[in-house]
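Close look at the chain arrangement
Each chain, letter by letter, is given below.
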Amino acid sequence: MPAKIILSRKNDFMNRTRMFKVLIDGQEVGKIGNGKVETFEVAPGNHTIECKIDWCSSQTYEVTVGSDSIDYLQVKSGMKYFLLLYIVFLAWLASGLIFKQKKEMLGAAYPWIQWTIVVIPLAYLLYYLTLGKKKYLVINQDTSNVFAG
């Protein structure tokens, strides 16, 4: 009887409308949607798991499964601070539109604050789209699964 790898995907803001490709031992075996769980049958032994979205991916995760065993894994976005930075950026944008007549605003007195609010989220995003493209997604053991005991 084959072993199973059960992969769950966190329901998160990033890429919520997009599917992740699932690769086992370098071969695409399926896709997983936001907040979904997929089961993959594998032969007992050592396997590598990787998830991809466009040119970004997770690092390769190695797992050893025994016969008739089930391994529970989880994939999620590696950009854990993106939503916070996105909200800060939107708040800055809204404050600029709401208070655009006020010359004595904090941004007018200290223009470097405005640039910091724009540059930090952009740098964070650019890192994950270039140098950190193999860390864009993260695979680890799914300790929140009630059956993974």
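The notes below deal with the structure included here. Values in this document were obtained by computation on a predicted structure and should not be read as measured data. (Residues numbered from 1 in each chain as written. Predicted model: local features only at pLDDT ≥ 70, side-chain atom pairs only at ≥ 80, totals over all residues. Heavy atoms only, no water.)

Section: the sheet that holds strand β4 (residues 37–42)
For clarity, the threshold we go by: By this definition, two strands are paired if DSSP reports at least two bridges between them. Helix numbering and strand numbering both begin at the N terminus, where a helix is a DSSP run of H or I of at least 4 residues and a strand a DSSP run of E of at least 2. Fitted lines through C-alpha atoms give the axes, limited to the stretch in contact for helices. The angle between two N-to-C directions lies from 0 to 180 degrees.
The strand order across the open sheet formed by four strands is β4-β1-β8-β9, and the pairing between neighbours is mixed. Here the strands that pair on one side only, and so sit at the sheet edges, are β4 and β9 (137–141). With direction set aside, neighbouring strand axes in the sheet form an average angle of 25 degrees. Sheet analysis places strand β8 (residues 70–77) next to β9, joined by five bridges and oriented antiparallel.

Re the packing of aromatic side chains
We apply this condition: Any Phe, Tyr or Trp ring, taking Trp's six-membered ring, that has another such ring centre within 6.5 Å forms a pair; planes under 30 degrees apart are called stacked, those over 60 apart edge-to-face, and the others tilted. We count a charge as sitting over a ring when the NZ of a lysine or the CZ of an arginine lies within 6 Å of the ring centre and within 35 degrees of the ring normal.
In this structure the tally under the stated criterion is two aromatic pairs. Look at Y124 and Y128: their rings are 5.3 Å apart centre to centre, the planes differ by 70 degrees, and that puts the pair in the edge-to-face class. Remark: Y128 and Y124 occur in helix α3 (residues 111–129); sequence separation between them is four residues, near one turn of the helix. Cluster of aromatic residues (ring-pair linked, three or more members): Y124, Y127 and Y128. A cation sits over an aromatic face here: R9 above F20, 3.6 Å from the ring centre.

Some remarks on the nonpolar core
In plain terms, the rule: Joining through side-chain atoms within 4.5 Å is the link that ties buried Ala, Val, Leu, Ile, Met, Phe, Trp, Tyr and Cys residues into a set, and such a set is a nonpolar core. Throughout this description, buried means an accessible area under 20% of the type-specific maximum (1.4 Å probe, protein chains only), exposed means over 50%, and partly exposed covers the range between. Should any heavy atoms of two residues lie within 4.5 Å, those residues are counted as being in contact.
L7, I49, C51, V75 and Y136 are the most contacted members of the largest nonpolar core, which has 27 residues in total. Beyond its immediate chain neighbours, meaning those up to four positions away, Y136 contacts M14, N15, I53, C56, S57, K76, S77, G78, M79, Y128 and L129.

A closer look at the pattern of salt bridges
As a reminder, the rule being used: The salt bridge definition used is simple: a Lys or Arg side-chain nitrogen within 4 Å of an Asp or Glu carboxyl oxygen.
Tallying each qualifying case throughout the model produces two salt bridges. R18 is paired through a salt bridge with D54; the nearest N and O atoms lie 2.3 Å apart. Taken together, the residues R18 in the loop between β1 (3–9) and β2 (20–24) and D54 in the loop between β5 (45–53) and β6 (56–57) connect sequence positions 36 residues apart. What makes R18 partly exposed here is its relative accessible area of 33%. We classify D54 as exposed; its relative accessible area is 54%. Residues K134 and E50 are paired through a salt bridge, measuring 3.1 Å at the closest nitrogen-oxygen approach. Taken as a pair, K134 in the loop between α3 and β9 and E50 in strand β5 lie far apart in primary sequence, 84 residues in all. Given a relative accessible area of 42%, K134 falls into the partly exposed group. A relative accessible area of 12% places E50 in the buried class.

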